[in-house]
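Report on the structure
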Amino acid sequence: MGNGVRAGQVDFQRQDVEPVISAHLPSEGTQEKKKVLNSLMSGALAGAVAKTAVAPLDRTKIMFQGKCVCDLCSSLQEAYRLIYRTYLNEGFWSLWRGNSATMVRVIPYAAIQFCAHEEYKQLLGSYYGFQGKALTPFPRFIAGSLAGTTAAMLTYPLDMVRARMAVTPKEMYSNIVHVFIRISREEGLKTLYRGFTPTILGVIPYAGLSFFTYETLKKLHADHSGKSQPSPPERLLFGACAGLIGQSASYPLDVVRRRMQTAGVMGHTYSSILLTMQEIIREEGLIRGLYKGLSMNWVKGPIAVGISFTTFDLMQILLRKLQHSTNVQR
């Protein structure tokens, strides 16, 4: 009899407590939505901070890639001379000309890329049986490539607009919308996707190697140091290495992409990737043509990618801590 009463009391208490516990525990679907939202927010901020930091070098690089070698010598010294001349002739803020268009593209691009990378890592982890663990090298590369490809496909016209604004005088296009309107009217809507194929072909090794290198260096650091997370300076260093390797591998296709994007305003016509490469090599040579501006990219790229990866990771950590403290307070 006594035992029956106690059992009943226990059951009553369980019924009373379980709804309270479940009410305070977020559902799996809610957690997944928060995770995706965190990745999108962190990625957007990472892209914005990184690109703004290197905007003057980025604009100069595009101008190098779009011009013939007889106009500009692709060396660091000449690059900084160009930046200084731009500053003297057009003012300090002209060094950030086109950065508003860059932000319009980079914020969604980085948000999609970082978020997609997290999702692809989870999917590939489940598929290969590495759920909750670091992926092996090949899936690690695939996750990065797929993330970059996804982001590039969804935001390409914005990249086209940014390239146009960077190489044209400010009188030609008044704002981003004006670029879209003029290109659509004068060159056709398909022009907005000119250079799309070399972009995708370049993104595959670039994003794949960048994410692969960064994730690999973090794993090696954890294995050898015993620390679960690297420090911010170490993250910057790992990201810089990732940017250096990724951009060096994909740079010739980046040059081809810029040439095809800016062909309409630079007096050239490029019909395909191979023909564009052939013309560049014939007129300017292999190294001085397809690798024009690479020395500048070795300065700009590591800085941008290092800042981007570091900002994303630190934002993710901060948001998780904020959500955890909010759940505890509830």
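Scroll up a little and you will see the structure.
Now for a description of the structure that goes with this document. Quick caveat, the model's predicted, so the values are computed rather than measured. Going along each chain's sequence as written, the residues are numbered from 1 onward. Only residues with pLDDT of 70 or above have their local features reported here, since the model is predicted, and side-chain atom pairs are shown and tallied only from 80 upward, although totals for entire chains, interfaces and linings are computed over all residues. Note: side-chain values were computed over all heavy atoms of the structure, leaving out hydrogens and water.

To describe two helices that pack against each other, one gives the angle between their axes and the distance between the axes. What counts as an axis is a line fitted to C-alpha atoms, over the stretch in contact for a helix, and the angles between N-to-C directions run from 0 to 180 degrees. Runs of E in the DSSP output that reach at least two residues are strands. Runs of H or I that reach at least four are helices, and both are numbered from the N terminus. Running from N to C, helix α9 (residues 232–261) and helix α11 (residues 273–284) cross one another at 100°; their axes reach a closest spacing of 10 Å. Considered as vectors, α9 and α11 are oriented roughly perpendicular to each other. Contacts from L253, V255, V256, R259 and M260 of α9 reach α11 at I273, T276, M277, I280 and E284. Residues of the contact of α9 with α11, tallied by class, amount to seven nonpolar, one polar and two charged. Angles below 35 degrees are treated as roughly parallel, those above 145 as roughly antiparallel, those between 65 and 115 as roughly perpendicular, and all remaining angles as oblique. Should any heavy atoms of two residues lie within 4.5 Å, those residues are counted as being in contact. Just so you know the grouping, Ala, Val, Leu, Ile, Met, Phe, Trp, Tyr, Cys and Pro go in nonpolar, Asp, Glu, Lys and Arg go in charged, and all remaining residues, Gly too, go in polar.

Using a probe with the size of a water molecule, rolled over the atoms, empty space left in the structure can be pinpointed. Method remark: on a 1 Å grid restricted to protein atoms, a set of points is classed as a cavity if a 1.4 Å probe fits but cannot get out and as a pocket if it is open with protein on both sides within 12 Å along at least five of seven lines; lining residues have an atom within 4 Å of a point. Grid points are joined across faces, edges and corners, and a volume is the space filled by probe spheres set on the points. Taken as a whole, this structure holds three cavities of 30 Å³ or more when the rule is applied. Of the volumes computed, that of the largest cavity is approximately 630 Å³. Along the wall of the largest cavity there are 34 residues; nearest its centre are K51, R105, Y109, Y206 and Q247. Contributions of two or more residues to the lining of the largest cavity are made by α2 (28–53), α5 (99–128), α6 (137–167), α8 (196–225), α9 and α13 (294–329). Considering each element in turn, the lining of the largest cavity owes the most residues, eight residues, to α8. Grouping the amino acids of the lining of the largest cavity by side-chain chemistry returns 16 nonpolar, nine polar and nine charged. Each of domain 1 (72–193) and domain 2 (210–321) contributes no fewer than three residues to the lining of the largest cavity. An automatic or database domain assignment is the source of the domain bounds shown.

Further remarks concern the side chain of R105. Looking at the secondary structure, you find R105 in helix α5. When its relative accessible area of 11% is taken as the criterion, R105 is described as buried. R105 has contacts with T155, L158, D159 and R162, leaving out every residue within four places of it along the chain. Burial classification: accessible surface area is computed with a 1.4 Å probe over protein chains only, and a residue below 20% of its type maximum counts as buried, one above 50% as exposed, and the rest as partly exposed.

Let us look at the packing of aromatic side chains. The geometry of two aromatic rings is summed up by the distance between their centres and the angle between their planes. Each Phe, Tyr or Trp ring (for Trp, its six-membered ring) is paired with any other whose centre lies within 6.5 Å, and the angle between the two planes then decides the class: stacked below 30 degrees, edge-to-face above 60, tilted in between. In the structure shown here, the tally under the stated rule is nine aromatic pairs. Ring centres of Y193 and F196 lie 5.7 Å apart, and the angle between their planes is 70°; on these two criteria the pair is classed as edge-to-face.

We now examine the packing of α8 against α9. Two elements in contact, α8 and α9, have axes separated by 8 Å at closest approach and are oriented at 170°. It follows from the interaxial angle that α8 and α9 lie roughly antiparallel. In terms of residue class, the contact of α8 with α9 is made up of 15 nonpolar, nine polar and four charged.

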